[in-house]
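Given next are the chains, with one letter for each unit.
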Amino acid sequence: MPSHYDIVIVGSGAGGATLAQRLAPTGKSILILERGEHLPREADNWSAKSVFVDRKYRAREQWLDHRGAPFTPNTYYWVGGNTTFYGAALLRLRAIDFEERAHAGGISPAWPIGYGDLASYYTEAEALWRVHGQRGIDPSEEAGDPPYAFPALRNDPGIDRLKSHFQTQAWHPFPLPLAINREDDDPVRSPCIRCKTCGGYPCLLMAKSDARSIAVVPLLSRPNVTLLTGHKAVRLETDPSGREVRAVVCTAENGEERYSGDIVVLAAGAVNTATLLLASANGAHPDGLANSSGQVGRNYMFHTLTAMLSLTAAPLDATFPKTLAVNDFYNRDPRGGFDFPMGHIQLLEYMSGQTLEGELGDMMPPWLLPDGVFNTIAERLLSFLVISEDLPMADNRVSLDRNGRIHLDYAHNNLEGHERLVKTLCNALEGFTSHTHPLSQHHFQFDSLLPLYGTAHQNGTVRFGKDPKSSVLDPMCKAHDLDNLYVVDSSFFVSSAAVNPTLTIIANAMRVGDHLKQRL
């Protein structure tokens, strides 16, 4: 096996796999280094006990929080990265998210690129990843965006009733854009069967659009693409000048291995990309590779999140509820009285009795736990995810201690708009549900959060920008300090916005891929 390639990519998630897919037609030799293995396709893929109670597929390592207390991050090391377990909601950042904007808790900074730089890539990514949606309803979307290539998924009857309930309050609920291979008009031949094991689970049918099914698997037959699993990148070595990455050092089954590339790309996730750079300090980069700005690891964001658990008096006819979202409060309160962004609301996946028992038993209020009848509760439960923007703060950071352990220091911020949105949703559900209870992320520690919480939306630790003194990457996501090092995971984000980050990761990787085609 060769040790030198035209492009070496660390990580096979949304960013790394998309970049490899973009560059594969050039014929250039591409090496993808993945620390995990191929996820086994097995019955446990659909087992709530295995996934949520036993946490069979979750990473075993522990990180340390701001108190120095260990916690197990909600992250997955498999081919395809975290997308294998994500909820498949693929939303665009809004045009205003790329601009500087005032929040009640401070300023969200501008990106070095605008919405127009990603618009065509968003459209291409939505088609490639089979995103089902409908334009023209969401009041926060851009008027000129083209229609989705795939129609919106139909609501279950119970969700249609919820939609009507919201509309009576002058809200504009819209179909949540979901990336699944579903044909509602042809359910017999549809790969997706609208099961109860979607978000949080790996899809046994490979019908959820993730980095495995969309990018990695189609690449495996290409002679110029090599995927090495079980290879964890531990440091990068440079030439004596410090301007070029000469080798990616990995630990594998037989010890350390080195691979070199004309271009080296990091896509290991916002935490692991930052720690890999910090672990690569040398004489030319004493504070960590690409860290002359001192920004590597800083400005960690992962959204401010609350799950709203709502119990209906009668069983709810909704086994695939995650088809509806609300953005009426994305930029401000349309009722007046609060002229700052509040955030985004989307329905969560179906929560089975075992999901509730395994993940939420210690957190739920007594009225949700009558004699432990979790399946009865699940039939009456509506779960919402309220997402608000957390602001980049220099002291919210990822770092390494002298023993190489990952520290994640984070303090919640910009909470006023989020709390207003949680209260707004709670009030709006009156008359539709009999009980509501918020489980707010900022009230719990990292190790006691819902499955979609924790570190799932991590971003911002290797921000891009035009000024090398205040950013790590240039606008094309190349490190300011090195000539051949790029980053294409969510590390590059300047702000977190208030929607799921995956579609922006994919679109940006396509953009960087086109840049690298010209460079190569």
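Because the structure is predicted, anything quoted here is derived from the model rather than measured.

Calculation rules
- The residue numbering used here restarts from 1 in each chain and proceeds along that chain's sequence as written.
- Thresholds applied to this predicted model are a pLDDT of at least 70 for local features of residues and 80 or more for the giving and counting of side-chain atom pairs; totals over whole chains, interfaces and linings are not thresholded and use all residues.
- Note: side-chain values were computed over all heavy atoms of the structure, leaving out hydrogens and water.
- Runs of H or I in DSSP of at least four residues are treated as helices and runs of E of at least two as strands, each being numbered from the N terminus.
- Atoms counted for the radius of gyration: C-alpha only. Globule rule: 2.2 Å times residue count to the power 0.38.
- Using a 1.4 Å probe on the protein chains alone, a residue whose accessible area is under 20% of its type maximum counts as buried, one over 50% counts as exposed, and one in between counts as partly exposed.
- Whether two residues are in contact is decided by their heavy atoms, any of which lying within 4.5 Å being enough.
- Using a 1.4 Å probe, accessible areas were evaluated by the Shrake-Rupley method; residue-level cover was limited to the displayed protein chains.
- In this tally, Asp and Glu contribute negative charge and Lys and Arg positive charge; neither His nor the terminal groups of the chain are included.
- Every charge is mapped to an atom, namely NZ of Lys, CZ of Arg, CG of Asp or CD of Glu.
- Only centres within 6.5 Å qualify two rings of Phe, Tyr or Trp (six-membered ring in Trp) as a pair; their planes then separate them into stacked at under 30 degrees, edge-to-face at over 60, and tilted for everything else.
- Whether a charge sits over a ring depends on NZ of Lys or CZ of Arg being within 6 Å of the ring centre and within 35 degrees of the ring normal.
- The way it works is a 1 Å grid over only the protein atoms, where trapped points that fit a 1.4 Å probe form a cavity and open points with protein on both sides within 12 Å along at least five of seven lines form a pocket, and then any residue with an atom within 4 Å of a point lines it.
- Grid points are joined across faces, edges and corners, and a volume is the space filled by probe spheres set on the points.
- Residues are grouped as follows: nonpolar covers Ala, Val, Leu, Ile, Met, Phe, Trp, Tyr, Cys and Pro; charged covers Asp, Glu, Lys and Arg; every other residue, Gly included, is treated as polar.
- Each reported salt bridge corresponds to a side-chain nitrogen of Lys or Arg within 4 Å of a carboxyl oxygen of Asp or Glu.
- Note on geometry: axes are C-alpha line fits, over the in-contact stretch for helices, and angles between N-to-C directions span 0 to 180 degrees.
- Note on convention: the crossing is left-handed when the near helix lies turned anticlockwise from the far helix by less than a right angle, right-handed when the turn is clockwise.
- By the convention used here, strands pair only if DSSP detects at least 2 bridges between them.
- When we speak of the arc, we mean the arc of directions from the helix axis to the C-beta atoms.

Asker: I'm lost on the overall build of the protein chain in this one. Help?
Answerer: Summing up its helical and strand segments, the protein chain has ten helices and 22 strands in all. Taken against the 2.2 N^0.38 rule, which gives 24 Å for 520 residues, the C-alpha radius of gyration of the protein chain at 22 Å falls within 12% of a compact globule. Expressed along its principal axes, the backbone C-alpha trace of the protein chain runs to roughly 70 × 50 × 50 Å. Put simply, the protein chain has 520 residues, and 62% of those count as buried. Long-range pairs, those at least 24 residues apart, make up 73% of the contacts in the protein chain with a sequence separation of at least 6. Summing over all exposed atoms, the protein chain offers an accessible surface of approximately 19100 Å²; the carbon and sulfur share of this is 49%. Once the 47 positive and 58 negative side-chain charges of the protein chain are each reduced to a mean point, those two points are 2 Å apart.

Asker: Could you clarify how one ought to interpret the environment of Met-510 in this entry?
Answerer: Position of Met-510 relative to the elements: it lies in helix H10 (residues 502-519). Distance from Met-510 to Arg-380, taken between C-alpha atoms, is 42 Å for residues 130 residues apart in sequence. Those residues in contact with Met-510, other than ones at most four positions away along the chain, are Thr-18, Arg-22, Tyr-121, Glu-124, Ala-125 and Leu-128.

Asker: Explain the packing of aromatic side chains here, please?
Answerer: In this structure the tally under the stated criterion is 20 aromatic pairs. Taking the centre distance of 5.0 Å and the plane angle of 85° together, the rings of Phe-464 and Phe-492 count as edge-to-face. Here Phe-492 lies in the loop between strand E22 (485-487) and H10 and Phe-464 lies in the loop between strand E21 (435-440) and E22, a separation of 28 residues in the sequence. One aromatic cluster in this structure is built from Phe-98, Trp-111, Tyr-115, Tyr-122, Phe-464, Phe-492 and Phe-493. Sitting over the ring of Tyr-77, Arg-35 keeps its end group 3.6 Å from the ring centre. Across from the ring centre of Tyr-148, 3.8 Å away, lies the NZ or CZ of Arg-135, which sits over that ring.

Asker: Help me out: how do you make sense of empty space enclosed by the protein in this one?
Answerer: The probe, sized like a water molecule, is rolled over the atoms to show the empty space still left. Counted by the stated rule, this structure contains ten cavities of 30 Å³ or more. Taken as a whole, the second largest cavity encloses approximately 120 Å³ of empty space. If you trace the second largest cavity, you find 16 residues lining it, with Arg-94, Arg-135, Asp-138, Glu-141 and Tyr-148 closest to the centre. Partitioning the lining of the second largest cavity into residue classes produces seven nonpolar, two polar and seven charged.

Asker: I keep staring at the pattern of salt bridges and nothing clicks. Help me out?
Answerer: Think of it this way: side chains of opposite charge can pair up when their charged atoms draw near. In total, this model carries 31 salt bridges according to the counting rule given. Between Asp-156 and Arg-194 there is a salt bridge, with its nearest N and O atoms 3.2 Å apart. One end of the pair, Asp-156, is in the loop between strand E8 (150-151) and helix H4 (157-167); the other, Arg-194, is in the loop between strand E10 (178-179) and helix H5 (211-219), and 38 residues separate them in sequence. Each member of the pair, Asp-156 as well as Arg-194, is classed as buried. Arg-405 is paired through a salt bridge with Asp-401; the nearest N and O atoms lie 2.8 Å apart. When its relative accessible area of 19% is taken as the criterion, Asp-401 is described as buried. Where salt bridges share partners, they join Arg-22, Glu-124, Asp-514 and Lys-517 into one cluster.

Asker: Would you take a moment to explain the packing of helix H1 (residues 14-23) against H10 for this structure?
Answerer: Relative orientation and spacing of two packed helices are given, respectively, by the angle between their axes and the distance between those axes. Where H1 contacts H10, the two axes come as close as 8 Å, and the packing angle between them is 35°. Taken as a pair, H1 and H10 cross one another with a handedness that is right-handed. Contacts from Ala-14, Gly-15, Thr-18, Leu-19, Arg-22 and Leu-23 in H1 reach Thr-502, Ile-505, Ile-506, Ala-509, Met-510, Val-512, Gly-513, Asp-514, Leu-516 and Lys-517 in H10. Within the contact of H1 with H10, the residues separate by chemical class into nine nonpolar, four polar and three charged.

Asker: Which parts of the structure should I look at to understand the pairing of strand E19 (residues 397-400)?
Answerer: The side chains of a regular strand alternate, first on one face of the sheet and then on the other. Relative to strand E20 (residues 406-409), E19 runs antiparallel, the two being bridged by four bridges. Residue pairing for E20: Ser-399 is matched across the bridge by His-407. With antiparallel pairing between neighbouring strands as the criterion, E19 and E20 make up a hairpin whose turn holds five residues, including Gly-404 at a positive phi of roughly 80°.

Asker: It is not clear to me how the sheet that holds strand E17 (residues 344-347) should be interpreted in this structure. Could you clarify?
Answerer: Two strands in a sheet stick together by hydrogen bonds in their backbones, pointing the same way (parallel) or opposite ways (antiparallel). If you trace the six strands from one edge of the open sheet to the other, you get E9-E16-E17-E18-E15-E21, paired in antiparallel fashion. Looking at which strands have only one partner, the edges of the open sheet turn out to be strand E9 (174-175) and E21. Bridge count between E9 and strand E16 (residues 324-326): two bridges; the pairing is antiparallel. Counted as the bridge partner of Phe-174 is Ala-325 from E16. With respect to the sheet, helix H9 (residues 416-428) is in contact with strand E15 (304-311), E17, strand E18 (381-388) and E21, its orientation differing from that of E18 by roughly 155°.

Asker: Please explain the sheet that holds strand E7 (residues 131-133) as it appears in this structure.
Answerer: The mixed open sheet is built from three strands, whose spatial order is E8-E7-E10. The strands lining the two open edges of the sheet, one partner per strand, are E8 and E10. Of the pairings in the sheet, the one linking E7 to E10 comprises two bridges and is antiparallel in character. Looking at E10, one finds that His-132 is bridged to Leu-178.

Asker: It is not clear to me how H4 should be interpreted in this structure. Could you clarify?
Answerer: Residues spaced three or four apart along an α-helix face the same direction, because each turn holds 3.6 residues. For H4, every residue scored as buried is listed here: Gly-158, Ile-159, Leu-162, His-165 and Phe-166. For H4, the buried positions fall inside an angular range of 110° around the axis, keeping them on one side. Its buried side turned inward, H4 meets E16, E17, E18 and H9.

Asker: Explain the pairing of E15 here, please?
Answerer: When you tally the buried positions in E15, you get eight out of eight residues, the bulk of the element. Where E15 meets E18, eight bridges bridge the pair, whose relative direction is antiparallel. Its bridge partner lying in E18, Leu-305 is registered against Ile-387. Relative to E21, E15 runs antiparallel, the two sharing six bridges. By the bridge assignment for E21, Met-308 is matched with Pro-438.

Just geometry here; none of it tells us what the structure is for.
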